[in-house]
Amino acid sequence: MTEDLKVGLLFSLSGALAATEKGQYKAALLAIDEINKHGGVLGKTLTPMFKDTCSDPDVTAKVTEKLLEEDIQLLIGLSTSAGRKSILPLLAKHDCLLFHPAHYEGAEQHPNVIYCGPLPNQLLFHYIPWLMKHIGKSFYLIGSDYHYPKEMNNVARRLISQNGGEIAGASYHALGEKQFEQTIKTISTRKPDVVFSTLVGESAQSFYECCHHLNFPFPIADTIISETDNQLIDPRYIAGHYFCSSYFSSLNQEANVAFKRRFQAAYGTEMISAAMEHAYNSVHIMAEAIQKASSLEIGKIKKHIAGLVCQAPQGKIIVDQKNQHLWLHSHIGQFQKDGTGKILSESAGPVKPSPFPLKGTPEAYRNENVEASLSAHKPVITELKKAASFFPYYVTYFDQQGRLLDLFQPEMKEQFPDDPLDPGVSIWATDFLKHTGMSKAILKKELSFSLGSDHQTLSLNDWITVGIPIFSENELFGALGVFVRDNQEFELELFISLVKALKVVAENSVSLFQQSKESKFLYELLHDVTNDLEEALLVKKQEKIIYTNGLAEQLISEKDKLMLSLYQENFDHISYKRKQLYKDQSNSIYEVYIVPAHDYRYLYIKKLSANKKKQKKSREQPLLLPHIAGSHPKLLEAISLAKTASTNSTNVLLLGESGTGKEIFARAIHNESTRKDKPFVTLHCATLNEPFIASKLFGFGDGPFSGGIPGKFEQANGGTLFLDEIGEMPAELQAIILRVLRQKEISRRGGQQTIPLDVRIIAATNKDLSQEIAYKGTFSSDLYYRLNVFPIELIPLRERKEDIAELVTLFLEEFAERDDQESKTVSSEALHYFMNYSWPGNIRELRNVVELAYELSGTDRELHLKHLSRALSIEHKPPEKYEWTKVKHLEEIRQVNRLKEREDIMEALVRFKGNISKSSKHLGFSRTTLYKKMKEYKLDS
């Protein structure tokens, strides 16, 4: 074996899920080792690439993305639905495959997931009838208050009812609940034959313990706890109670005995849970599917995995032909006094998976929320039906979840009599719709086509399907599906034009619907809010008054000269926020703050007192987070994170290019914190290559009460030490800083006293420290993890250009205040240049350019292009785009996709000046994929 095949392993070795997932991780590694000892897969060695998901769905998504950026396409792991759902968009985006070794509630069939754990039907269809036959027909249901236990209990209810049983009561409890005395008393009064439990974790442990101490007389039937839980629950508490699982460690069959022997040799124990066996099986299923496909292409692996048969420790298991779930065994057992399980009954063979249990098959599955979705989309569907009445093809409508809501031409069913086209059918749950243009449009959020054999179903072999995504406020709202028979009379050029027209009509319909729904509410809200303003408010569109608040109406009724002037003046030429001063007939001065918004101009009018001077916030008030200018969502997110950081003393790492305002954020965090009255000390790490570094940091002489000079750490004691450009810190100094952070004390050079430290560290860097650690070895990983407790990323100015106008105005006001002058404005031409420059130096460069232009403008009250000539030089020509309207033949569709992708790559490479990391991140590719595509499109020269 000369090459390796990297496989991503996603398990939690820390946090609440570690107890379950550590065992799964070990089982997966054992399977990988077994496969490699037998020659690997297609001559390749399986190499595990592990990421700790820390029992957190957000962390799961982040570490998964890192794996996928390394071109790893095969993933194994995750024990919860929350973890799985957090990465579904990434699986679709990168077209990779997750083997998911966990029981879950069902009602899902994602094209990029192989579900390797049991479904409710595989456990309960055998379990409930057995309990009713051997124990009794009256059940009390108790569970933890989240989705999986509730769905298990819903299935149990249906089965109990179908088999003539009854529900004596039910209760749900918060995750982690430990007090069950009152609940046990309630259950005792109901006198059920069986207590059916879906409690999890600490709640399950506490419930069994409480039942034992209260001599609870009723048998408990569980589906969550397993044999390995005897390490967490005293075996005395669970002895005599029942449980159901697809796998028992005590199974006495050759495959399981051999499995336990290998596990014992590797890890020193034979106690194996069902979750661990599922992880072990997942690896072997993946390997056999690759071997069967003779390929590492995901499409081929998915095609050959259907129907795959494997010999697992629990017995023969099968990958279902249609739904990507496994046929698994069902075993019923009773806990013994030593915590092991005695098998009482088992299914005759593997049980068929039914992920959509309401009607038994995914094709017939109708989501219970369809009616609510149909109601929400009905006004849009009504308008679209009118608009599409001219369309000579079959049109369908799907919501953003991929549920079919309407057929615009009911006669379409006659074309596909044997295929599911009923409202409510999920696009992911039927082979008929799974590979259409509509499924691609919903996943990729772009206009998409499928041609003939692309559909992977004979029903659509002679058809073209087109998915038209519909957006509302940049979010996917739904999708139109168009079915076109592929024949000689089909004119593609006309069809493309009709599709584009239909897309425009669809989005206009959504926009009008949203506006009509919101307009009344917004008007009332605007009226309520603006009447509490201290300023009069006028809203103008060209020379028309659109809205006035109470104060403005009062000024108008007084026939104020200023208001008449504002009535007549046209403000359309103002394209950024600005303030202007006006005088009325009595020489009173009014400040009018003009805020442009699309075609509207908001005029806030405030009377100034005669001697009022502007407050000098930068000189007289401490800088706080609300003072940071800008409204870009990512900037506001950073401010929100900084606000959170200010409430504690956790170390903060500010990440961002030079000039993005890292020191401003550091000062604002300090000023908002409880340390605001203590020192804020800055240390520029890039300058620490001079002699006497230790003296500069730690001071020299004796202690603080005996003379000498304090160093930076001591100066910052009680307050904040800002380590700027931490990535430039010399290696020898990193060890010293790390030691201080660990010990929280220093000694001056030449001094004998130890000085305790209480210093909050805020560090900043323009480097990717993880790369410095991994590839250059220039930064200490221990120091990085000490500093990177609370990271905050500041985006470059080129990614928040909508904030430029506000920043320019802010700087001009600052310079005018400094010179005791009235503030200057910026011409629209100059602002256009500001907006189209790339600003490699970010806000620092913008401020310098504005200051230079301000000085060059002299007595002019407005900055013009001539004042920028010495600071900026811009040529802005938008790149040409390949238009769909140029397509003439069907075979050109795929070529258009390639040309469009090549243009996108070229544009990104030009935008980021050939930087592969930034270009790949912008395009949504890994670095390796980008290199391959550059080579493919001959862009690597």
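Residues numbered from 1 in each chain as written. Predicted model: local features only at pLDDT ≥ 70, side-chain atom pairs only at ≥ 80, totals over all residues. Heavy atoms only, no water.

Caption draft 1: Representation of the overall build of the chain in the model. The secondary structure content of the chain amounts to 33 helices and 36 strands. At a minimum sequence separation of 6, the contacts of the chain that also span at least 24 residues come to 63%. Per element, the accessible surface of the chain, about 45,700 Å² overall, is 49% carbon and sulfur. (Helix = DSSP H or I, 4+ residues; strand = E, 2+ residues; numbered from the N terminus. Contact = heavy atoms within 4.5 Å. Areas by Shrake-Rupley, 256 points an atom, 1.4 Å probe, with all protein chains shown as cover.)

Caption draft 2: Representation of the sheet that holds strand S2 (residues 44–52) in the model. Pairing in this open sheet of 5 strands is parallel, and the strands run S2-S1-S3-S4-S5 from one edge to the other. Every interior strand has two partners, whereas the edge strands, S2 and strand S5 (113–115), have only one. Between one strand axis and the next, the sheet turns by 25° as a mean value, whatever way the strands run. Here strand S1 (residues 3–11) runs beside strand S3 (residues 74–77); their pairing, made up of 3 bridges, is parallel. From the neighbouring strand, Gly-8 faces S3, where its bridge partner is Leu-75. (Pairing = 2+ DSSP bridges. Axes fitted to C-alpha atoms, helices over the stretch in contact; angles between N-to-C directions.)

Caption draft 3: Summary view of the sheet that holds strand S13 (residues 326–327). Spatial ordering of the open sheet is given by S11-S12-S13, a layout of 3 strands whose pairing is antiparallel. Both outer strands of the open sheet, strand S11 (309–312) and S13, are each paired with one neighbouring strand and no more. Pairing analysis gives 4 bridges linking S11 to strand S12 (residues 315–319), with the strands arranged antiparallel. Its bridge partner being in S12, Gln-311 is matched across the sheet by Lys-316.

Caption draft 4: Representation of the pairing of strand S20 (residues 475–485) within the structure. Counting buried positions along S20 gives 9 out of 11 residues, so the element sits mostly inside the fold. Here strand S16 (residues 394–399) pairs with S20 via 6 bridges, running antiparallel. Paired with Thr-396 across the two strands is Gly-481, which belongs to S20. With 10 bridges connecting them, strand S19 (residues 463–472) and S20 associate as antiparallel partners. Opposite Ile-470, over in S20, you have Gly-478 as the bridge partner. Once S19 ends, the chain turns through 2 residues before running back antiparallel as S20, passing Glu-473 with a positive phi of about 55°. (Buried < 20%, exposed > 50% of the residue type's maximum accessible area, 1.4 Å probe, protein only.)

Caption draft 5: View of helix H5 (residues 147–162). Under the 1.5 Å per step criterion, the end-to-end length of H5 is 23 Å for 16 residues, consistent within 8% with the ideal 22 Å. Those residues of H5 not exposed but buried are Tyr-148, Pro-149, Glu-151, Met-152, Asn-153, Val-155, Ala-156, Leu-159 and Ile-160. Each element contacted by the buried residues of H5 is listed here: helix H4 (120–134), strand S6 (138–144), strand S7 (166–173) and strand S8 (194–198). Within two residues after H5, Gly-164 carries a phi angle of roughly 80°, on the positive side. (Expected span 1.5 Å × (residues − 1).)

Caption draft 6: Geometry of the pattern of salt bridges. With the rule as written, the count across this model stands at 25 salt bridges. Residue Arg-403 pairs with Asp-399 through a salt bridge whose shortest N-O separation is 2.7 Å. Classification of Asp-399 by relative accessible area gives buried; the value is 0%. Between Glu-728 and Lys-767 there is a salt bridge, and its shortest N-O distance comes to 3.4 Å. Taken together, the positions of Glu-728 in the loop between strand S30 (720–724) and helix H24 (731–743) and Lys-767 in the loop between strand S33 (760–765) and helix H25 (769–776) put the pair 39 residues apart, joining distant regions of the chain. Taking the relative accessible area as the measure of exposure, Glu-728 reaches 36% and is therefore partly exposed. For Lys-767, a relative accessible area of 28% gives the class partly exposed. Bridged by salt links that share partners, the residues Glu-814, Arg-818, Arg-847, Glu-851 and Glu-855 form one connected network. (Salt bridge = Lys/Arg side-chain N within 4 Å of Asp/Glu carboxyl O.)

Caption draft 7: Representation of the nonpolar core in the model. Leu-74, Phe-99, Phe-207 and Ile-285 are the most contacted members of the largest nonpolar core, which totals 66 residues. Residues contacting Phe-99, with those up to four places away along its chain left out, are Leu-74, Leu-75, Ile-76, Gly-77, Ile-114, Cys-116, Ser-282, Ile-285, Met-286 and Ile-305. Counting 30 residues, the second largest nonpolar core, distinct from the first, contains Leu-451, Ile-496, Val-499 and Val-510. (Core = buried A, V, L, I, M, F, W, Y, C linked by side-chain atoms within 4.5 Å.)

Caption draft 8: Focus on the packing of aromatic side chains. Per the counting criterion, the structure on display carries 25 aromatic pairs. Residues Phe-180 and Phe-207 carry aromatic rings whose centres are separated by 5.5 Å and whose planes lie at 75° to one another, so their mutual orientation is edge-to-face. Residue Phe-180 is located in the loop between S7 and helix H6 (181–190), and its partner Phe-207 is located in helix H7 (residues 201–213); the two are separated by 27 residues in the primary sequence. Phe-207 carries the same exposure label as Phe-180, and that label is buried. With a centroid separation of 5.6 Å and 50° between ring planes, the pair formed by Phe-815 and Tyr-854 is classed as tilted. Linking Phe-815 in helix H27 (residues 804–818) with Tyr-854 in helix H29 (residues 842–856), this pair joins segments that are 39 residues apart in sequence. As far as the burial class goes, Phe-815 and Tyr-854 line up, both buried. The ring of Tyr-172 is capped by Lys-150, whose NZ or CZ atom sits 5.4 Å from the centre of that ring. For Lys-824, the ring lying beneath its charged end belongs to Tyr-854, and the centroid distance is 4.6 Å. (Phe/Tyr/Trp six-rings, centres within 6.5 Å; stacked < 30°, edge-to-face > 60°. Lys NZ or Arg CZ within 6 Å of the ring centre and 35° of its normal.)

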